[in-house]
Amino acid sequence: MRDNSVPKIRHPEKANRPDNAQPKKPSWIRVKAPTSEGYKKTRDIMRENRLVTVCEEAGCPNVGECWSQGHATMMIMGEVCTRACTFCNIATGKPPESLDAFEPGRVAVAVKKLGLNHVVITSVDRDDVEDGGAEHFAQTIRAVRRQSPDTTIEILTPDFIRCAPAALETVVAAKPDVFNHNLETVPGLYPEVRPGARYFHSLRLLQRVKELDPAMFTKSGIMVGLGEDRQSVLQVMDDMRAADIDFLTIGQYLQPTPKHHRVDRFVTPDEFAGYEKAAYGKGFLMVSATPLTRSSYHAGDDFAQLRSARLKKLAKR
Ligand code: SF4
C-alpha cells in the first residue's frame, strides 16, 4: 500500500533528468488569469460530475478563455497515462483503477448541462487495457448522442498501437463527427518527444479512419518550437495530405516544468501565418496555426467552418 505521507511524484520517469531552463514567454504568448463567472460554472460542472479535463491536467494556457464559454475538453479513462511523452504534463504511471463504467453517463450529463453544440473528448493512453479503451470511447460517444442528439462530437484518441485492428473499428463505428489523433511532432523528433509511439503508425491510423468511413472528418496536429525545421513541418503536411487528413492544427510547444522537453524556440506569429498559407496550398480543408492553437481550441467554430469548406469543395465538382 502506498504511504500517503510521501508526496506522489507526478512524473517519476522524469525525476532524474537534468533541468531544462524555461525561457521567458514572448508577448504574443501571454494569456489572462481565469476569473470569469463562466469559468467558475464550467469548473463546478466538472467537479460535480467528477470529470477530469485535459485543460487542467495539461495546464493549457487557454483555460480562461475556453471555460468562460463552457468549452472544456473532457479526458476519459482516468488521469494517469501509461506513456511518458516528454512534452506532456499528464501524470505517468500504472493507472490505479479499471475503467469506470459510469463515466460515459457522467460525460453525457456534463455535456448537456454545459449546453455544448460541439464537444471534444480525449483520453489518457491505456496500454494496460486490451482494446486501449476503444469500447469506452464508443460508449461515451453513444451516451452523449442519446442525451444531446444535436451536439457534434470530436474525439482525440490515443494511437491504439498494441491493439487489434478491431479497436479502431469499434471507435469509428460509434460515428464521432471528427476523429482527431495528433502526430505531435516531426518524425525525426519522435525518439526524444514521443518515445512510446511510431510516426507512421499514427499516420496510418488516420488514413484507416478515412478508409473505414470516408464521410468522417479527420484531424491532426503538431507542436512547433521543439527543435524541428521548416522543411520537416512541410513534409509532415504532405504526409498528412497523403493520408487524406482534413484539418491541421499547429501550435507553439510550451514547457510545463523544467523536467520536460526544452523549448527550442518561440515560433513567431508571421511564421505561423506562413505555415497556415502553405497548408491551405497543400489542400487541407481547414487549418489553425497560431501560437496558442491547441487541438481543441475553438473546436466548435472550426468544426462549422470545416463542414462548410467540404460543402463548398463538393459544390465545385
Ligand atoms: S484549448 Fe482545449 S485543452 Fe486548452 S482550455 Fe481550451 S478546450 Fe481545454
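Now for a description of the structure that goes with this document. What you see is a predicted model; the values in this text were computed from it and never measured.

## Digging into the site of the ligand
Neighbouring the ligand are the residues Val54, Cys55, Cys60, Asn62, Val63, Cys66, His71, Ala72, Thr73, Arg294, Ser296 and Tyr297. Those elements giving two or more residues to the shell around the ligand turn out to be α2 (54-57) and α3 (63-68). Taken together, the residues of the shell around the ligand break down into seven nonpolar, four polar and one charged.

## So, the nonpolar core
Val107, Val111, Ile121, Val224, Phe247 and Leu248 are the most contacted members of the largest nonpolar core, which totals 83 residues. For Ile121, the contacting residues outside a window of four places in its chain are Met74, Ile76, Val107, Thr140, Ile153 and Ile155.

## Overview of the sheet that holds strand β2 (residues 74-76)
Here we have eight strands laid out as an open sheet, ordered β1-β2-β5-β6-β7-β8-β9-β10, and mixed in their pairing. For this open sheet the edge positions go to β1 (52-53) and β10 (286-289), each flanked by a neighbour on one side alone. Pairing of strand β9 (residues 247-252) with β10 involves four bridges; the strand directions are parallel. From the neighbouring strand, Leu248 faces β10, where its bridge partner is Val287.

## As for the packing of helix α6 (residues 165-173) against helix α8 (residues 199-212)
Packing of α6 against α8 leaves a shortest axis separation of 10 Å and a crossing angle of 55°. Looking at the two axes, α6 sits oblique to α8. Where α6 crosses over α8, the two elements pack in a sense that is right-handed. Here α6 contributes Leu168, Glu169 and Val172 to the contact with α8, which in turn contributes Leu205, Arg208, Val209 and Leu212. For the contact of α6 with α8, a count of residues per class yields five nonpolar, no polar and two charged.

Cut-off values and rules
Residues numbered from 1 in each chain as written. Predicted model: local features only at pLDDT ≥ 70, side-chain atom pairs only at ≥ 80, totals over all residues. Near = placed C-beta within 6 Å. Helix = DSSP H or I, 4+ residues; strand = E, 2+ residues; numbered from the N terminus. Nonpolar A, V, L, I, M, F, W, Y, C, P; charged D, E, K, R; others polar. Core = buried A, V, L, I, M, F, W, Y, C linked by C-beta atoms within 7 Å. Buried ≥ 20, exposed ≤ 12 C-beta atoms within 10 Å, placed from the backbone. Contact = placed C-beta atoms within 7 Å. Pairing = 2+ DSSP bridges. Axes fitted to C-alpha atoms, helices over the stretch in contact; angles between N-to-C directions. Parallel < 35°, antiparallel > 145°, perpendicular 65-115°, else oblique. Left-handed = near helix turned anticlockwise from the far one by under 90°.

That's the geometry; what it means functionally is another story.
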